[in-house]
Amino acid sequence: MDKKKKKILISLTAIFFIVCIAGIGTFYYYLLYPQFHPAKTVYVYVDRDDTADSIYNKVKAKGHPGNLTGFRWMAKYRELEKNIHTGRYAIRPGENVYHVYSRISRGYQEPVNLTIGSVRTLDRLAHNVAKQLMIDSIEIATLLFDSTFQQKMGYDKETMACMFIPETYQVYWDMSADSFFERMQKEHKRFWNDERLAKAQAIGMTPEEVCTLASIVEEETNNNGEKPMVAGLYINRLQRGMPLQADPTIKFALQDFGLRRITNENLRVESPYNTYINTGLPPGPIRIPSTKGIDSVLNYAKHNYIYMCAKEDFSGTHNFASNYTDHMANARKYWKALNERKIFK
């Protein structure tokens, strides 16, 4: 081979290697080089109506990227538009485009913490869940108030709230409404283990009845230490055939939760939830009780109290009495405090 041809060959080889190195460098920079620089792990939520372009914009807005050209390439040549998976996807500091894109295009999402709160109404429950998941509140509410669905789950409109155990659960953000209810039913069965069922049976109550009484206890006091005392008082009344005379049930019957003073007129409301007129438990819970409330009923304090009245210091706790005379003395102190503060309703 003459010198001229040798020179050409060397030049072509050099160019080839330069092109290869440049190509590898470009590939590495756009796909494998750390491009995302959020201050901490952030999350992109891909919804039902998202497109490849809207996902790109969400990634750009959340991830604080250096360069997203590689994301554009992959979205085009790997047809992201045909591989959109709803869900919640993490972008961590120092991640590259390849990992983030692969996670989103394959549906490798991160779970979320779903908190079921001790709320008063099923409407509020539907609203709170919808704020935390992709499900629309109407989807949840439609099933919550559907009598056929209630029956399928083992409840009716009065007891449907008993299905929910306030706790924080790990779920996927894009879970369906059906999956949500299946999970809640599973968690309900897990909570009501053999030990709790045995305690309910010993009291002579079903889990739904325990839940109903627990909801009244929860409305009567926010003081966890006092809850077993209040539960014991109401169980004493039930065992003696006395009406519960629980003011929170009147508020529920009137659907007026802001009442601070129950009047004689309020006590005449015609409702199965009026525990001044009706004996026994109301048809269902007046809120979704917490696990503490439920366990306070199952582990109620044994005493001889059958009356209680809010303390006149407005501490949220109560004065207890075993006879009507002492109870009225406590009540007069509370009424006086209400009058002094000009609280009439």
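Please read these numbers as outputs of a predicted model, since none were measured by experiment.

What about the overall build of the protein chain?
A tally of helices and strands in the protein chain yields 14 helices and 6 strands. Scored against the burial criterion, the 345 residues of the protein chain give a buried share of 43%. Taking the intrachain contacts of the protein chain between residues at least 6 apart in sequence as the baseline, contacts between residues at least 24 apart amount to 64%. Within the structure as shown, the protein chain displays about 18,800 Å² of accessible surface, and the carbon and sulfur contribution to it stands at 51%.

Points about the pairing of strand β3 (residues 112–115)
Covered by surrounding structure in β3 are Val112 and Leu114 only, the residues Asn113 and Thr115 on the alternate face being uncovered. Two elements, β3 and strand β4 (residues 168–171), share 4 bridges in a ladder whose sense is antiparallel. Bridging from a neighbouring strand, Thr115 pairs with Thr168 of β4.

Side note on the packing of helix α5 (residues 122–132) against helix α6 (residues 137–144)
At a minimum axis distance of 8 Å, the contact between α5 and α6 shows a crossing angle of 145°. Relative to α6, α5 is oriented so that their crossing is right-handed. Residue-level contacts link Leu122, Leu125, Ala126, His127, Val129 and Ala130 of α5 to Ser137, Ile140, Ala141 and Leu144 of α6. When grouped by side-chain class, the residues that make up the contact of α5 with α6 number 8 nonpolar, 2 polar and no charged.

Some thoughts on the packing of helix α11 (residues 227–240) against helix α13 (residues 291–298)
Relative to each other, α11 and α13 sit at 50°, their axes nearing to 8 Å. The angle between α11 and α13 falls in the class oblique. The chirality of how α11 crosses α13 is right-handed. Mapping the contact onto sequence places Lys227, Pro228, Ala231 and Ile235 in α11 and Lys292, Ser296 and Val297 in α13. Residue classes in the contact of α11 with α13 are distributed as 4 nonpolar, 1 polar and 2 charged.

Examining the side chain of Ser271
For Ser271, the location among the structural elements is in the loop between α12 (247–254) and α13. Take Ser271: its relative accessible area is 15%, and that puts it in the buried class. The residues touching Ser271, leaving out its near neighbours within four places in the chain, are Ala253 and Asn278.

Focus on the nonpolar core
Among the nonpolar cores identified, the biggest contains 60 residues, and Phe164, Phe180, Phe181 and Tyr234 are the most heavily contacted of them. With 6 residues, helix α10 (residues 207–220) is the largest single contributor of residues to this core. Counting only domains with at least three residues in this core, you end up with domain 2 (110–189) and domain 3 (205–302). If near-sequence neighbours (up to four positions away) are discounted, Phe181 is found in contact with Ile140, Leu143, Leu144, Phe149, Met160, Met163 and Phe164. Of all hydrophobic cores here, the second largest spans 19 residues; its members include Val42, Val46, Tyr56 and Met74.

Focus on the pattern of salt bridges
A full pass over the atoms with the stated rule returns 13 salt bridges. When the shortest N-O distance is used, the salt bridge between Glu139 and Arg48 registers 3.6 Å. Placement of the pair is Glu139 in helix α6 and Arg48 in the loop between β1 (42–46) and α2 (52–63), with a sequence separation of 91 residues. For Arg48, a relative accessible area of 52% corresponds to the exposed category.

Quick look at the UniProt feature "site: Important for catalytic activity" (unreviewed entry) in the protein chain
Using the residue numbers shown here, the UniProt feature "site: Important for catalytic activity" (unreviewed entry) corresponds to Glu220. Within the secondary structure layout, Glu220 lies in helix α10.

Here we look at α2
Over its 12 residues, α2 extends 16 Å from the first C-alpha to the last, a length consistent with the 16 Å expected when each residue adds 1.5 Å. When α2 is considered as a whole, its buried residues turn out to be Ala52, Ile55, Tyr56, Val59 and Gly63. Taken down its axis, α2 places every buried residue within 105° of arc, on the same side. Elements that come into contact with the buried residues of α2 comprise β1, α3 (69–77), β2 (87–91) and α4 (97–106). Positive backbone phi, approximately 45°, marks His64, located one or two places after α2.

Some words on unusual backbone geometry
With the exception of glycine, most residues fall at negative phi, and the peptide bonds are largely trans. At Glu79, a position not held by glycine, the phi torsion is positive, near 55°. With respect to the element layout, Glu79 can be found in the loop between α3 and β2. A residue is classified by how much of its surface remains accessible, and Glu79, at 40% relative accessible area, is partly exposed. In this model, Gln245 sits at a positive phi of 50°, which is unusual for a non-glycine residue.

A short note on the state of the cysteines
Two cysteines, two sulfur atoms, one covalent bond between them: this is a disulfide. Summed over all chains, the structure comprises 0 disulfides. Cysteine Cys211 remains unbridged, with the sulfur of Cys162 as its closest cysteine sulfur at 3.4 Å.

Looking at the side chain of Arg196
Within the secondary structure layout, Arg196 lies in helix α9 (residues 194–203). In this structure Arg196 comes out as buried when scored by relative accessible area, which is 19%. Ignoring any residue separated from it by four or fewer positions in sequence, one finds Arg196 in contact with Phe191, Asp295 and Leu298.

Rules and cut-offs
- Residues numbered from 1 in each chain as written.
- Predicted model: local features only at pLDDT ≥ 70, side-chain atom pairs only at ≥ 80, totals over all residues.
- Heavy atoms only, no water.
- Helix = DSSP H or I, 4+ residues; strand = E, 2+ residues; numbered from the N terminus.
- Buried < 20%, exposed > 50% of the residue type's maximum accessible area, 1.4 Å probe, protein only.
- Contact = heavy atoms within 4.5 Å.
- Areas by Shrake-Rupley, 256 points an atom, 1.4 Å probe, with all protein chains shown as cover.
- Pairing = 2+ DSSP bridges.
- Axes fitted to C-alpha atoms, helices over the stretch in contact; angles between N-to-C directions.
- Left-handed = near helix turned anticlockwise from the far one by under 90°.
- Nonpolar A, V, L, I, M, F, W, Y, C, P; charged D, E, K, R; others polar.
- Parallel < 35°, antiparallel > 145°, perpendicular 65-115°, else oblique.
- Core = buried A, V, L, I, M, F, W, Y, C linked by side-chain atoms within 4.5 Å.
- Domains from an automatic or database assignment.
- Salt bridge = Lys/Arg side-chain N within 4 Å of Asp/Glu carboxyl O.
- UniProt positions renumbered as here; feature names shortened; annotations may be inferred.
- Expected span 1.5 Å × (residues − 1).
- Arc of directions from axis to C-beta.
- Disulfide = S-S within 2.5 Å.

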